[in-house]
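Letter by letter, the chains look like this.
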Amino acid sequence: MKKTMRKLSLLGVVLCAFVSMLHAQTLTVSGKVSDQSGLGLPGVNVVIKGFTSGTVTDFDGNYTIEAEKGNVLLFSFIGYKSKEVVCSTESKIDVVLEEETIGVDEVVVVGYGTQKKANLTGAVSSMRIDDAVNQPVTNTTQLLQGKMTGVHLTQGGGQPGKDAATIHIRGIATNGESGPLVLVDGVERSLGDVAPSDIESISVLKDAASAAIYGSRAANGVILITTKTGEAGKLKVKYNAYYGWQEASVLPKIMDAATYAELINEATGEVRYSEEEIAKIKDGSDPDRYSQTNWAKEIFRTSPVTNHYLSFSGGSEKTSYVFSMNYMDQEGIMLGSSAKRYNMRAKIDSQIKKWLKIGVNIDGSVKNIKSPLDDLSGDGGIMRRIYFDTPVAPVKYSNGDWAVQDGSEAFFIKNVAFRSQLGKNEDDQYRLNAKFYANLNLLKGLEFRTNVAYSYYNALGTKFSPTFSLNDLDGNPVVTNDINTLKDNSATWHRLLNENILKYNVDFDKHSINALLGHSIETYRKDAMNSQISGFPNNEIHELNAGSIDPTVSGSAQELKLQSFFGRVNYAYDSKYLFEANLRIDSSSRFAKGNRTGYFPSFSVGWRVSEESFLADAEFLSNLKVRASWGKLGNQNIGNSFYPYEQTYNLGQDYIFTDGASLVGGAAITGLANRNLKWESTETYDLGIDFGIGNNFSMSFDYFHKRTNDLLLKLPQPLSLGSAAPYQNAGEAVNKGWEVSGEYHGKTGDLSYSVGFNLSRIQNEWTDLKGTEFYPTNRIHREGEAMFSYYGWQAIGIFQTDEEVANAATPSNSAAPGDIIYKDVSGPDGVPDGKIDDNDRVIIGNPIPEFTYGLNGSLNYKGIDFAFLFQGVKNVDRYVSGTGNHAGNGDRANWTPDWVNRWTAENPSSKYPRLGHNRDNDKQSSYWVQDASYLRLKNLEIGYTFPQALSKKAGIERLRIYMSGQNLLTFTDYKNWDPEKAIGNIRSESYPLAKTYTLGVNLTF
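What counts as what
- Residues numbered from 1 in each chain as written.
- Predicted model: local features only at pLDDT ≥ 70, side-chain atom pairs only at ≥ 80, totals over all residues.
- Heavy atoms only, no water.
- Helix = DSSP H or I, 4+ residues; strand = E, 2+ residues; numbered from the N terminus.
- Contact = heavy atoms within 4.5 Å.
- Areas by Shrake-Rupley, 256 points an atom, 1.4 Å probe, with all protein chains shown as cover.
- Lys, Arg positive; Asp, Glu negative; His and termini not counted.
- Charge placed at Lys NZ, Arg CZ, Asp CG, Glu CD.
- Domains from an automatic or database assignment.
- Buried area = accessible area lost by both parts, 1.4 Å probe.
- Salt bridge = Lys/Arg side-chain N within 4 Å of Asp/Glu carboxyl O.
- Polar contact = N/O pair within 3.5 Å; in protein donor to acceptor, adjacent residues only side chain to side chain.
- Nonpolar A, V, L, I, M, F, W, Y, C, P; charged D, E, K, R; others polar.
- Buried < 20%, exposed > 50% of the residue type's maximum accessible area, 1.4 Å probe, protein only.
- Arc of directions from axis to C-beta.
- Pairing = 2+ DSSP bridges.
- Core = buried A, V, L, I, M, F, W, Y, C linked by side-chain atoms within 4.5 Å.
- Phe/Tyr/Trp six-rings, centres within 6.5 Å; stacked < 30°, edge-to-face > 60°.
- Axes fitted to C-alpha atoms, helices over the stretch in contact; angles between N-to-C directions.
- Parallel < 35°, antiparallel > 145°, perpendicular 65-115°, else oblique.
- Left-handed = near helix turned anticlockwise from the far one by under 90°.
- pLDDT = per-residue confidence, 0-100.
- Patch = residues over 30% accessible without salt bridge, like charges linked within 9 Å, V, L, I, M, F, W, Y side chains within 5 Å.

## Digging into the overall build of the protein chain
For the protein chain, the count of helices and strands is nine helices and 49 strands. Judged by the C-alpha coordinates and their principal axes, the protein chain covers about 100 × 70 × 70 Å. Sequence separation of at least 24 residues holds for 69% of the intrachain contacts in the protein chain that already meet a minimum separation of 6. Here the protein chain has roughly 44,100 Å² of accessible surface; of this, 54% comes from carbon and sulfur atoms. The distance from the centre of the 101 positive side-chain charges to the centre of the 115 negative ones in the protein chain is 8 Å.

Here you go:
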């Protein structure tokens, strides 16, 4: 042991001496970097090749750096060709950069590093974010919509603070958590809580070759967010702000009160409203009993939204910094809803020695979300109650009391206007993320980096249900809550990550080799607590200690650990022939010993055909590259199940053994475990081609095939087992398709312009479910069909005559003219049997879009700029039944106005069935499936940048004003609601998306 320590000490002395020698003969080099017209270029990266030490040019293009004789200075900037200059004894080196062919020399962020786009062999989409993000996104996930191939976003609702979009990359590959891994500056976290203007670039790793370096967490793709860093030079202050107005993109349409009264009489088969009462509704002679209320108009409004962003950045030759703050305040378009978000960030990088660079990145956010006591969306929520509160009842009686019923006195209403102001439902979220890194240049081309990152997230929820009493028109209390109740919950997440990475880069002759070896260990813990108490002295005190009745408390904890080893080798010969190999080995505490470790390799190759001598005369062809990749990825996410392999017992399974005996506490197995669980595995093939024509046009095409094996599923089991089914590795699914994108940039005189597009096609299919099938709500998982396919009876028309009824298959309930005709598909023996029953159910729709696409463009002329973004989906279905769209198989729900054309003897409609109870018209069928394809003008912006000669007189370096809009136009055949909705939303009960108009300013000092 002592000999070993002496050897290590000697090695350390030799290493220090060697590093000291490297620092000899240092000289200070300065100069200016310009474009071909002579204008200084700010933000150019100037580094010593083979080392990470470097600097960035200031606003005028000037730089200063310490180097040694013989060092190679590398100058690089987006949109320009990189340039290398060898240091001699000259202390001043001026450089002119030439414009680069579009995209070829662009540097793209990949796993644990960066690569030139020209050298990529995997499928990576990327986008850079402007200094100011003027698109009025209330959640950062929305920035990706319509921008990249293979990336599909669905914003299922627009409630402030809860409006994050669901992201799927190249389809849905699992029945569990199907969202991608999101890393912000290398640390896993929520994308929605990052201030948009803090982001410098976004990269999406879509195939195994690009994502395998993240192994077990990359099966659903990886999104890499890189935040802005400071630039050398004087202090730069930026302020971006906008103020806007929001309204519902599609406001729920509701049948008017008089027509509703007629239809509810018809549907129930009773005279709930007489002709005299309907006349009172129409003439308004008795508004306390027979009113005309549009509940949607009562609770929806035009609401303000405002955003302020302030940053300070700068630095010296060796140290750069950026500090930023962001504040967003959004009032909801529905009464009682709002959200505020505060962000702060500090990022400092310092080259304290030529061989040592350190940095720290700290950011935090606070979010406050407010809403009424009742949920705004979902079953029983306010959106659903809009259609269940009768429009015949007023909002308030003439005496000022909240209304509780109409003149029919058939039912008490919830009164959504009252409910939108009732009680308290508040969520407070606190996040803190801190990362420290040290980068050591050990030898020329050899670099070691260590990172330590800590993430903290605390969510506090408070719901207070107050006492209240609502009276009928005569002053009698009829709807009351006599006991007030407070519910508090708290959840805290801690995540600690350590990464150690060794990189080696070497170039010789025509060979270039980049190698990476790494190790990481990550720990995660969540602690949760829930408490409840009732009996408060009044409705103003919302603290647990003030309650006195029925106190309850519960708590839980979860832990997860993940250890990984990973490596990558990139090889290029003559910048033409490219090869990359990755391997990641992950071990997770979610699996039992023996199954904890997974191996995830990938290989990819590329051929830059445009660099071949036989294409030397094809000057129009600026880039042509073909690439291919194969790899395996993994998935360990099984929802909230952290110990699926360990048999657990649930407390609270109490029992009374004999009559009159006391309740005896007990524990029982309510869910089975499976110690044989192992990783899900996703195998991906990708073939791609990239090409460019001239310096202006580029295009990419990819074909991919992604097969996920050993899916973690709970297959159906007999109820007689008495417990929930265990997770099993029991499924296989395939996502395959293609994607194409292109962009063109041009300039004519003072007019510059660009246009781009992206188009993706995806086919999703279950290929193996071990011969079983299961049914989540109105959907089915079945071999040979898409995940979450809609399942039901096939509607083929509406009966018009008694003869048609007599000649049709027999339904479960008696049919008559005006009812929906269902197809007799099969019977117990597999052939039609003249009966409509469960044997006739078929696949009636696919909720996963086949095509997703986007189109963007921009113009810039003498300071005037214009930009637009269209986004859409094609061949996607949504099930629409229940809320506002039903055949009257209830006792009070309203309809959308088009149901005035339902089938009657006087109006034998072939589009809408007759209304009524105990009929089959509301059965789960293809009648209620609509094509939800749409094209949306997602964003439109026009701005003006004042001439610097004018703005500098006011001490402003750059001044720009603009107008912007989001979700302005939607083209669709989908009726009455917004077509962009979650797969599981079958009753259109989600909070509507917002249409937003903003005025804003961008300032740089």
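That was the structure; now back to the text.
## Some words on the domain arrangement of the protein chain
Along its sequence, the protein chain is organised into domain 1 (24-99) and domain 2 (107-231). Averaged C-alpha coordinates put domain 1 and domain 2 at centres separated by 31 Å. Counting residues at the interface gives four residues for domain 1 and four residues for domain 2. When the two sides are added together, the surface that domain 1 and domain 2 hide from each other amounts to roughly 320 Å², 68% of it contributed by carbon and sulfur. Taken together, the links from domain 1 to domain 2 amount to zero salt bridges. At the junction of domain 1 with domain 2, the criterion picks out zero residue pairs in polar contact (both at pLDDT 80 or more). Its residues assigned to classes, the side of domain 1 that touches domain 2 comprises two nonpolar, two polar and no charged.

## Remarks on helix 4 (residues 275-283)
For helix 4, every residue scored as buried is listed here: E277, I278 and I281. Looking straight down helix 4, one finds its buried side chains confined to an arc of 100°; they lie on one side. Of the residues in helix 4, the exposed ones pointing more than 90 degrees away from the buried face are E275, E276, K282 and D283. Once helix 4 ends, the next one or two residues include G284, with phi positive near 70°.

## Let's talk about the environment of A346
Structurally, A346 is set in strand 20 (residues 338-353). A sequence separation of 165 residues divides A346 from H511, and the C-alpha atoms of the two residues are 40 Å apart. With sequence-adjacent residues up to four places away left out, A346 is seen in contact with V322, F323, V360, N361 and I362.

## Observations regarding unusual backbone geometry
One non-glycine residue, D550, adopts positive backbone phi at about 50°. Along the polypeptide, D550 turns up in strand 28 (residues 549-573). In this model, N875 sits at a positive phi of 60°, which is unusual for a non-glycine residue. Here N875 shows up in the loop between strand 44 (864-874) and strand 45 (877-879). The exposure class of N875 is partly exposed, given its relative accessible area of 36%.

## Digging into the side chain of E941
When you line up the elements, E941 lands in strand 47 (residues 934-945). Within the local environment of E941, its side chain forms a polar contact with the side chain of R960, the two groups lying 2.7 Å apart.

## A closer look at the sheet that holds strand 1 (residues 26-34)
One open sheet accounts for three strands, arranged 4-1-7; its pairing is mixed. Here the strands that pair on one side only, and so sit at the sheet edges, are strand 4 (62-68) and strand 7 (95-96). With two bridges joining them, strand 1 and strand 7 adopt parallel strand pairing. Across the sheet, the residue bridging to S34 is V96, located in strand 7.

## Digging into the sheet that holds strand 38 (residues 779-780)
If you walk across this open sheet you meet the three strands as 38-39-42, and the pairing is antiparallel. Strands at the two margins of the open sheet, each flanked by one partner only, are strand 38 and strand 42 (842-845). In this structure, strand 38 lies alongside strand 39 (residues 789-792), joined through two bridges in antiparallel fashion. Looking at strand 39, one finds that R779 is bridged to Y790.

## A look at the nonpolar core
W295, I299, F300, M334, I386 and L470 are the most contacted members of the largest nonpolar core, which has 37 residues in total. Residue assignment for this core shows that the elements contributing at least two residues are helix 5 (295-299), helix 6 (382-388), helix 7 (416-419) and strand 24 (468-471). Looking at this core element by element, the count peaks at five residues for helix 6. In this view, L470 contacts W402, V404, F418, N476, P477, V478 and V479; residues no more than four positions away in its chain are not counted. A257, A267, I278 and I986 belong to the second largest nonpolar core, which has 25 residues in total.

## Regarding the packing of aromatic side chains
For the coordinates displayed, the defined rule picks out 30 aromatic pairs. Judged by centre distance (6.3 Å) and plane angle (55°), the rings of F691 and F697 are tilted. Using a relative accessible area of 25% as the deciding quantity, one classes F691 as partly exposed. Among the residues examined, F697 registers a relative accessible area of 23% and is labelled partly exposed. A ring pair is formed by Y944 and F946, whose centres lie 5.0 Å apart and whose planes are at 75°; its orientation type is edge-to-face.

## What to know about the packing of helix 3 (residues 257-268) against helix 4
Two elements in contact, helix 3 and helix 4, have axes separated by 8 Å at closest approach and are oriented at 160°. Relative to helix 4, the element helix 3 is oriented roughly antiparallel. Helix-helix and strand crossings are classified by hand; for helix 3 and helix 4 the assignment is right-handed. Between helix 3, through A257, A258, A261, E262 and N265, and helix 4, the contact on the second element is made entirely by I278, I281 and K282.

## Comments concerning the pairing of strand 49 (residues 994-1004)
For strand 49, a buried count of eight out of 11 residues is recorded, marking the element as mostly surrounded by other parts of the structure. Sheet topology places strand 17 (residues 233-248) next to strand 49; 11 bridges connect them, and they run antiparallel. Each residue of the ladder has a partner; that of K238, found in strand 49, is T1004.

## Topic: the pattern of salt bridges
The full count for this structure, using the stated rule, is 48 salt bridges. For the salt bridge of R627 with D690, the shortest nitrogen-to-oxygen distance reads 2.9 Å. With R627 in strand 31 (residues 621-635) and D690 in strand 34 (residues 680-693), this residue pair connects regions lying 63 residues apart in the sequence. Residue classification places D690 among the buried residues on the basis of a relative accessible area of 11%.

## As for the confidence of the model for the protein chain
The share of residues in the protein chain with pLDDT of 70 or more is 96%, and the mean pLDDT across the chain is 89. Per-residue pLDDT stays below 50 along residues 1-24; that stretch engages in 10 contacts with residues further than four places along the chain or on separate chains.

## Comments concerning the environment of V609
Looking at the element boundaries, V609 is found in the loop between strand 30 (597-608) and strand 31. Its relative accessible area of 9% is what places V609 among the buried residues. Each C-alpha atom, one on V609 and one on S754, is 26 Å from the other, the two residues being 145 residues apart in sequence. Sequence-distant contacts of V609, that is, excluding residues within four places in its chain, are made with F614, L615, L624, K625 and V626.

## Describing a nonpolar patch on the surface
A surface patch of nonpolar side chains, amounting to about 660 Å² of accessible area, comprises Y243, W245, I864, I942, M963, Y997 and L999. Listed by contribution, the elements that provide at least two residues to the nonpolar patch are strand 17 and strand 49. Tracing the backbone through its elements, the reader meets L999 in strand 49.

## Considerations on the side chain of Q930
Along the chain, Q930 turns up in strand 46 (residues 929-931). With a relative accessible area of 19%, Q930 lands in the buried category. Of the polar contacts made by the side chain of Q930, one reaches the backbone nitrogen of K975; its length is 3.1 Å. Setting aside residues up to four positions removed in sequence, Q930 forms contacts with V876, D877, R878, V880, D973, Y974 and K975.

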